[in-house]
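Structure at a glance
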Amino acid sequence: MQTSLHCAHLIGIFAEFDLDHDLIARVIFRLPPIQGPFCLAIDRTNWQFGSTDINVFMLAVVHDGVAYPLLFNMLPKKGTSNTKERIELLQRYIRLFGAESIDCLLADREFVGEQWVKWLNDSGIRYHIRIRENFWVDNPRKGDRAKAHWMFQGLKIGQGMSLQGIHYVNGQACYLSASRVKGRDGRPELQVLISYNKPEESLDAYKRRWQIETMFKAMKSAGFNIEDTHLTDLRRIEKLLLFII
């Protein structure tokens, strides 16, 4: 609580100052003790105070158990980001740091969609993105289609596998892999991933996505306690996030 009060007080002092988000991102980009290309993760967090919905869409560099927040947008709405918002955030990263600095992009089931995956494919951006297990998958070599979970139904907890060759999901070419893990409720859960290439690396790479969720938890309630500031003005919340990162 004390940290959140200090942060809110700082925002009051600097409310009239403009902060250069791109400049801050360039500084952060040079802080992690790692060399590129970088593993990126995108995710979204939200909370509500009164009738105000606060919705943050963020891109972070993940490395060695830590997520380094880099770029974000305040979404003036409820719910997930759309394709345009995702592409704009990645284009902003590329404009600042170059496409060659990206090793791969990690994202959860929220970040799917035909046009989004098409843009990633056309841009040559490596990705490992989880899809819903009831998605239809087309096999161009056999000319058939099946639900994703049917293709991996033999997996036991702790097992994973990658399918041979290119498949199509929502009309977009990709590689598929999956593992069966224990979900948050302790029950078995199938994680199905689509990848641009190197599906054999997807399962290990995807585990690193969890770091951005840990970062959100620290920002919201286990460290900086943003939620406790009770701020509702999106511009002030944006400035608070810039101070934190």
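Now for a quick tour of the structure.

Procedures and definitions
- Residues numbered from 1 in each chain as written.
- Predicted model: local features only at pLDDT ≥ 70, side-chain atom pairs only at ≥ 80, totals over all residues.
- Heavy atoms only, no water.
- Salt bridge = Lys/Arg side-chain N within 4 Å of Asp/Glu carboxyl O.
- Helix = DSSP H or I, 4+ residues; strand = E, 2+ residues; numbered from the N terminus.
- Buried < 20%, exposed > 50% of the residue type's maximum accessible area, 1.4 Å probe, protein only.
- Core = buried A, V, L, I, M, F, W, Y, C linked by side-chain atoms within 4.5 Å.
- Contact = heavy atoms within 4.5 Å.
- Axes fitted to C-alpha atoms, helices over the stretch in contact; angles between N-to-C directions.
- Parallel < 35°, antiparallel > 145°, perpendicular 65-115°, else oblique.
- Left-handed = near helix turned anticlockwise from the far one by under 90°.
- Nonpolar A, V, L, I, M, F, W, Y, C, P; charged D, E, K, R; others polar.

**Looking at the pattern of salt bridges**
If you walk through the whole model with that rule in mind, you get 13 salt bridges. In this structure, Arg 44 and Glu 110 form a salt bridge, with 2.6 Å as the shortest nitrogen-oxygen distance. Here the residue Arg 44 occupies a position in strand S1 (residues 38-49), and Glu 110 occupies one in the loop between strand S4 (102-107) and helix H4 (114-123), the gap between them amounting to 66 residues. For Arg 44, a relative accessible area of 17% corresponds to the buried category. Residue classification places Glu 110 among the partly exposed positions, given a relative accessible area of 24%. We note a salt bridge from Lys 77 to Glu 85, for which the minimum N-O separation is 3.0 Å. For Glu 85, a relative accessible area of 16% gives the class buried. It is possible to trace a salt-bridge network through shared partners that takes in Asp 43, Asp 108, Arg 209 and Glu 213.

**Description of the nonpolar core**
Core analysis: the biggest nonpolar cluster contains 45 residues, and Ile 42, Leu 70, Tyr 93, Trp 116, Leu 176 and Ile 194 have the highest contact counts within it. A per-element tally of this core places helix H3 (residues 83-97) first, with six residues. In this structure, Trp 116 is in contact with Ile 42, Thr 83, Arg 86, Ile 87, Leu 90, Leu 105, Phe 111 and Ile 129, ignoring residues within four places of it in sequence. Counting residues in each nonpolar core, the second largest holds 18 residues, with Ala 41, Ala 205, Met 215 and Met 219 among its members.

**Section: the packing of H3 against H4**
Two numbers describe how H3 lies on H4: the axes approach to 9 Å, and their chain directions differ by 20°. It follows from the interaxial angle that H3 and H4 lie roughly parallel. Here the hand of the crossing between H3 and H4 comes out right-handed. Residue-level contacts link Thr 83, Arg 86, Ile 87, Leu 90, Gln 91 and Ile 94 of H3 to Gln 115, Trp 116 and Trp 119 of H4. The residue inventory of the contact of H3 with H4, partitioned by class, reads five nonpolar, three polar and one charged.

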